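Here is how the chains run, residue by residue.
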Amino acid sequence: MRILALLFLFFIGNVQASIWYTCPAGSGAGATDGSSVANCYNGFADITWGGAGVVAGDTLRVISTSGTYYERLVIGVTGTSPSHVTITGWDPTTSTAAY
């Protein structure tokens, strides 16, 4: 039983965090599932929170070169240390954070 518990904790601790992308409403492209710059969410309202979307430990990159955001970002999940939800600006032309 202890071995099962240790294995469970090992696998829980090694779950990979995901990186998601969003662009201003009206400029979404591809599948608009947030999985890449080419498939960015179509604005803040399109972001999938929880389940198959942004969860604790993930990063949401807000693409900064594709227009202006005229919407309000309502964060739909919470995270705690060490699994925060990180939201950052992103410049896909240079692949660097844009603050």
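Preceding this section is the structure that the text describes.
**Concerning the sheet that holds strand S1 (residues 19–23)**
Strand order in the open sheet formed by five strands is S2-S1-S3-S4-S5, with mixed pairing between adjacent strands. A strand with exactly one partner marks an edge of an open sheet, and here the two such strands are strand S2 (41–42) and strand S5 (96–97).

**Observations regarding the side chain of Asp58**
Tracing the sequence through the fold places Asp58 in the loop between S2 and strand S3 (59–63). Within the buried core, Asp58 has no salt-bridge partner, and the shortest N-O distance to an opposite charge, that of Arg61, equals 11 Å. A distance of 2.9 Å separates the side chain of Asp58 from the side chain of Trp20, its partner in a polar contact. Every residue in contact with Asp58, bar those within four places of it in the chain, is listed here: Ala17, Ser18, Trp20, Gly53, His84, Val85 and Thr86.

**As for the state of the cysteines**
Applying the stated criterion across every chain, the model contains one disulfide. In this model, Cys23 is linked to Cys40 through a disulfide, with the two sulfur atoms separated by 2.3 Å. Between Cys23 and Cys40, the S-S dihedral sits near 65°, and the bridge is therefore right-handed. Within this pair, whereas Cys23 is found in strand S1, its partner Cys40 is found in the loop between S1 and S2, the two being separated by 17 residues in sequence. You'll find Cys23 and Cys40 in the same group, each marked buried.

**A look at the pairing of S3**
Across the five residues that make up S3, a large majority, five, are buried. Residue alternation in S3 divides its side chains into two sets, Thr59, Arg61 and Ile63 and Leu60 and Val62, and both sets are buried. The pairing of S1 with S3 spans four bridges and is parallel. Along S3, the bridge assignment pairs Trp20 with Leu60. Across five bridges, S3 lies against strand S4 (residues 86–91) in parallel orientation. What sits directly across from Val62, in S4, is Gly89.

**What about the environment of Tyr41?**
As for its position among the elements, Tyr41 is in strand S2. Once the C-alpha coordinates of Tyr41 and Gly30 are considered, the two residues, 11 residues apart in sequence, prove to be 9.2 Å apart.

**Concerning the nonpolar core**
Of all hydrophobic cores here, the largest spans seven residues; its members are Trp20, Tyr41, Phe44, Ile47, Val54, Leu60 and Val62. Sequence-distant contacts of Trp20, defined by excluding residues within four places in its chain, comprise Asp33, Gly34, Ser35, Tyr41, Ala52, Gly53, Val54, Asp58, Thr59, Leu60 and Arg61. Grouped together as the second largest cluster of nonpolar side chains are five residues, Cys23, Cys40, Ile63 and Trp90 included.

Definitions and limits used
Residues numbered from 1 in each chain as written. Predicted model: local features only at pLDDT ≥ 70, side-chain atom pairs only at ≥ 80, totals over all residues. Heavy atoms only, no water. Pairing = 2+ DSSP bridges. Helix = DSSP H or I, 4+ residues; strand = E, 2+ residues; numbered from the N terminus. Buried < 20%, exposed > 50% of the residue type's maximum accessible area, 1.4 Å probe, protein only. Lys, Arg positive; Asp, Glu negative; His and termini not counted. Salt bridge = Lys/Arg side-chain N within 4 Å of Asp/Glu carboxyl O. Polar contact = N/O pair within 3.5 Å; in protein donor to acceptor, adjacent residues only side chain to side chain. Contact = heavy atoms within 4.5 Å. Disulfide = S-S within 2.5 Å. Core = buried A, V, L, I, M, F, W, Y, C linked by side-chain atoms within 4.5 Å.

Shape is all these values report; function is a separate question.
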